[in-house]
2 protein chains.
Amino acid sequence: MSESQIPVGEYLFRRIASLGIKHIFGVPGDFNLTILDHIYSVPELTWLGCCNELNAAYAADGYTRIRELPGVLLTTYGVGELSAINGVAGAYAEHAGMIHIVGMTSRQVQQKRPLIHHTFEPNMDHTIYMQMSAPVRKTHALLVNEETLTADIDRAIEECVKSRLPVYIFIPMDVPSILVPASALDKKLELDVVNNVGTESKILDKVLHALEKAKNPAILADVLTIRHGGRDLVRELADLTQFPTYSCPLSKGIIDEDKPYYMGVYSGKVSFPGVREALESSDLIINTGTLQTDSNTGGFTRNIPVERLILLEHDSCVVLGEKFPNMHFLPILRRLVKELRSKASRYGLPAPAPSHKLIPPQLRSDRTGPLIQDFVWQRIGRSLQPNDARAITSTFWSAIGFSIGACLGACVAAREMEHPGRVILVVGDGSLQIAVQEIGTYIRFGFKPIIFLVNNNGYSIERAIRGAELSYNDINSSWDHQQLLSLFGARPDTGVSSFSTQCHTVEELEDVLENKSLANCERICLVELFFSPFDYPWRLATQVTNTLGRPLEKQDKFD
Amino acid sequence: MSESQIPVGEYLFRRIASLGIKHIFGVPGDFNLTILDHIYSVPELTWLGCCNELNAAYAADGYTRIRELPGVLLTTYGVGELSAINGVAGAYAEHAGMIHIVGMTSRQVQQKRPLIHHTFEPNMDHTIYMQMSAPVRKTHALLVNEETLTADIDRAIEECVKSRLPVYIFIPMDVPSILVPASALDKKLELDVVNNVGTESKILDKVLHALEKAKNPAILADVLTIRHGGRDLVRELADLTQFPTYSCPLSKGIIDEDKPYYMGVYSGKVSFPGVREALESSDLIINTGTLQTDSNTGGFTRNIPVERLILLEHDSCVVLGEKFPNMHFLPILRRLVKELRSKASRYGLPAPAPSHKLIPPQLRSDRTGPLIQDFVWQRIGRSLQPNDARAITSTFWSAIGFSIGACLGACVAAREMEHPGRVILVVGDGSLQIAVQEIGTYIRFGFKPIIFLVNNNGYSIERAIRGAELSYNDINSSWDHQQLLSLFGARPDTGVSSFSTQCHTVEELEDVLENKSLANCERICLVELFFSPFDYPWRLATQVTNTLGRPLEKQDKFD
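As the structure is a prediction and not an experimental result, all values here were calculated from the model.

Draft legend 1. Spotlight on the interface of chain A and chain B. Counting residues at the interface gives 76 residues for chain A, matched by 76 residues for chain B. With both sides pooled, the region where chain A packs onto chain B buries about 6600 Å², and carbon together with sulfur makes up 61% of that total. Area buried by chain A at its contact with chain B is led by Phe120(A), Tyr472(A) and Leu487(A), which between them contribute 11% of it. For the pair chain A and chain B, the interface holds 2 salt bridges. Across the pair Arg466(B) and Asp37(A) runs a salt bridge, and its minimum N-O distance is 2.6 Å. Sorting the residues of the side of chain A that touches chain B by element identifies α2 (33–36), α4 (79–93), α6 (128–132), α15 (429–435), α16 (438–444), α17 (460–465) and α18 (484–487) of chain A as the ones contributing at least two each. Per-element tally for the side of chain A that touches chain B: the top contributor is α4(A), with 8 residues.

Structure representation (structure tokens):
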């Protein structure tokens, strides 16, 4: 009997499903239909069509951040892959790796090079778009060689999982139906990061030695800890040690903020009062997975001397100034936690509560009056429920519009994980206008996020920087946001229920936060919050002021 | 007295305004605010903020096609320029050149290479996005050298106008305020295409000689004639000669279809009955500005023997098989028209009406019943008014969503030209979902296009190709399109009037076409037309059938 065979299109999707992934994001096009067909051969997978490719890329990115598995994005040759490229670039910058599958012209057409649609000019090399996207990926597989199809696919998937960076799989439209041995699926994918074990032991010894000597050590858990799969480990490290533990702006939520040892967000000079002083006065800082960008370091004002720093990164580790290149923090952190767990008393763990307590940041307690940014975000923070608390932000890549797509991805991830918490989107009106259509996709697939929409008539983040009152920072201020959910499909005639309202005052916000629809996510909710265009959150205003070295052009001040 | 100086940002916009351009499309961002400021120093220019960069690029492209001047697109570093890249690529493919200005990080920051937002990784070369977009432009200017700022700007603008391809101007955020001599503006821009005059004369002689000998010559005016500025010339050529004249799918509208010598759209085997035979039996064909793509040639079934062909292109001319590289048709066509105008009788012009008359294509004359694509487009065609008739389509680059942005550009161009005709958008529901927000921009800036929206529940063009009933060709079918104009700002409370309606039947369509709002463009109109998902226009169905070599999977047939 001859060996059992399957089409390589099905092979690709079986490999993807084997990771635990259940949805594929994207938009169909002439050159990806033959690969799309094979999704239906893998019952674990569902096609999740988005309105456009950029939003689909943002969705795949948001999925990755919550699910901690690669989001899968599927687009078509030229027009589709280029429309998505900014979303893939963001995933590259922030290590939210995705598998981007691009259906391209057939191998025969690539040979002949006709002036077929989605090309540029006569005799064009059909790999030109592949070359354009090279800087935004770890690797790619161009599936043209029938001898290596399964190996090429496996290599791309393995690289994506290990590097946490985007990879591309380019599949000509004649290729998905090519048969490959089903037994190729039996080969286990190599998904684990592996270090040089000897160097790993050396690092571990140095870390443990430093811990034994430290008087007031601290943990600073940054965002690449999450992206590279170390969230649970760093949480366990903090629980075991009870060391004062800090997050960064980009990693907010990595540590449960109700824990007694949680100290706040460290962002150099743009930290809440006391946080910077406390962190910087520690005699040993275990700092994991850093992304030392402008917005994540208070405009490069982070100040931790190397002789008190244990820096555990995905591409190197530095212990008290001694650098070990090409060492990944994940296996080291795993061994460190195991060691501390089994020999807690030897290391004097859990550590006693720190002698100096942080004064909790002074929170606003508005009861009446107009909405103010500094109050509202604190208030919404206090309304969070235990299962809500996992934040996504993209303030390094900083593409406005990201959050709408990312929220879709978060909804999909939460559904796959059967996660009981709510999905909450906070989005500005300018950002909304970039990607608004994907709210329809929430409704189409039955997702029920809570949308807090900031209505402040334009790009306030740009007003803070320059041109506070110039027309380039205005948007169309005539949108009736209260019609959004209805237009996109939540109406009596479709049977989809929704809750949509406006808040101009604290009293109105308090009413809304008590609403059962919000508390239980029974239906999709949109809460439109009105702010002054010149009201900026404290952290933004402080960072911009520090960077520009002058007061903002125009800023509302509140008591 | 020292020489008068102006900021180079102002210099750039003065040069742009000197071409006759009056609007700048784009989206603000941290790195383009310092260049945006200078728009306000040039009173001829108005900033036209779009919802997102891809739509802004489509708008600049649409503007170019109508205005026959480069659309100007302004975006920010990384996130902005990459979001727009697919629109720029389309403008490159279809020769609808634009000037894409990108505000980037300051020169000082580019030297230091910090991990600033919109970058990828430590020590990143800040020109990385510039490299990614290299294949979609003719040239670029990176404004970093203070000695050559004005020359660099001039060169980029000149190349754009002459090549009709996109160019990029990258301007670091510290550069716009640098002062340059105002007198640099006195130097005239070199905007005219210039050929080798001797070769030009040789080509002209050969063309005239061939014309003298021809018995039944014809003109085939293709789309690059328009893009490269030859529309009026080819119209004059047809008027002077009265030769039977044809357009192509991409150039539809290049010749006034009411003219007696207009013969129809030639698209190889995908032409209306008789058109192909008539064109292909001519003994001399003057064929200008071709773009020989799949959709423009009936799937590469164009059949014109070289020994009867005069091919006048923007990059070469071929006269009866003799090739002249690097010769641009524009100066040649100009001389040809001049010669024929002054010596009409010598060339026996105007030619007598051709002996064989085309049987006019049989048009549908439905009076009742559901809407059918083949009827509706003919019917809407017959409702066009004299000043309406200039078509934009992008069926080579074929990015769905293009038309919404392009319509904005067309509206802006029409306003600048004080054009009395109506702007009419025909858009599918899948396409609408890609770029819907820009309808709000029509309303924001007071434009009043007529929008014919095809509601056929998905991507019917893909259903024709594959997966007719598979879910990947479905979209969110619960949008209430009748709320669109209202949500985006046309409401009693904003004082913006609109007309929005649905048509399911021929009777309803006839009623709507008689409506005064449509006839006079008094207000923005949306007419939602309902079709079966499996009803495809004749030309699409024919071409797909020919390409696939089999009947479509599922297709509605009508009497």
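Draft legend 2. Structural detail: the pairing of strand β18 (residues 498–503) of chain B. Residues and elements named next belong to chain B. Burial along β18 is one-sided: Phe499, Thr501 and Cys503 are buried, and none of Ser498, Ser500 and Gln502, which face the opposite way, are. Bridge count between β18 and strand β19 (residues 524–530): 6 bridges; the pairing is parallel. Paired with Phe499 across the bridge in β19 is Cys525.

Draft legend 3. Structural detail: the packing of helix α8 (residues 197–213) of chain B against helix α12 (residues 329–342) of chain B. Residue and element names in this part refer to chain B. With their axes 10 Å apart at the nearest point, α8 and α12 run at an angle of 50° to one another. One way to sum up the angle between α8 and α12 is to call them oblique. As for how α8 packs across α12, the hand of that crossing is right-handed. Each of Val197, Glu200, Ser201, Ile203, Leu204, Val207, Leu208 and Leu211 in α8 lies in contact with α12, whose residues at this interface are Pro331, Ile332, Arg335, Leu336, Glu339 and Leu340. Of the residues that constitute the contact of α8 with α12, the class distribution is 10 nonpolar, 1 polar and 3 charged.

Draft legend 4. Representation of the UniProt feature "domain: Thiamine pyrophosphate enzyme TPP-binding" (unreviewed entry) in chain A in the model. Mapped onto the present numbering, the UniProt feature "domain: Thiamine pyrophosphate enzyme TPP-binding" (unreviewed entry) falls at residues 388–494 of chain A. Across residues 388–494 of chain A one finds 36% helix and 10% strand; the C-alpha atoms that close the span lie 28 Å apart.

Draft legend 5. Looking closely at the domain arrangement of chain A. All names here are of chain A. The assigned domain composition of chain A is domain 1 (5–186), domain 2 (197–347) and domain 3 (373–385 + 422–548). For domain 1 versus domain 2, the distance between C-alpha centres works out to 36 Å. Taken residue by residue, the interface counts 9 residues in domain 1 and 8 residues in domain 2. In this assembly, domain 1 packs against domain 2 so that about 760 Å² is buried in total across both faces, 45% of it on carbon and sulfur atoms. The interface formed by domain 1 and domain 2 holds 1 salt bridge in total. Across the pair Arg231 and Glu68 runs a salt bridge, and its minimum N-O distance is 3.0 Å. At the junction of domain 1 and domain 2, the tally comes to 4 residue pairs in polar contact (both at pLDDT 80 or more). Here the side of domain 1 that touches domain 2 is composed, by residue class, of 2 nonpolar, 2 polar and 5 charged.

Each value, and the rule that gives it
- Residues numbered from 1 in each chain as written.
- Chains lettered and ligands numbered in written order.
- Predicted model: local features only at pLDDT ≥ 70, side-chain atom pairs only at ≥ 80, totals over all residues.
- Heavy atoms only, no water.
- Contact = heavy atoms within 4.5 Å.
- Buried area = accessible area lost by both parts, 1.4 Å probe.
- Salt bridge = Lys/Arg side-chain N within 4 Å of Asp/Glu carboxyl O.
- Helix = DSSP H or I, 4+ residues; strand = E, 2+ residues; numbered from the N terminus.
- Buried < 20%, exposed > 50% of the residue type's maximum accessible area, 1.4 Å probe, protein only.
- Pairing = 2+ DSSP bridges.
- Axes fitted to C-alpha atoms, helices over the stretch in contact; angles between N-to-C directions.
- Parallel < 35°, antiparallel > 145°, perpendicular 65-115°, else oblique.
- Left-handed = near helix turned anticlockwise from the far one by under 90°.
- Nonpolar A, V, L, I, M, F, W, Y, C, P; charged D, E, K, R; others polar.
- UniProt positions renumbered as here; feature names shortened; annotations may be inferred.
- Domains from an automatic or database assignment.
- Polar contact = N/O pair within 3.5 Å; in protein donor to acceptor, adjacent residues only side chain to side chain.

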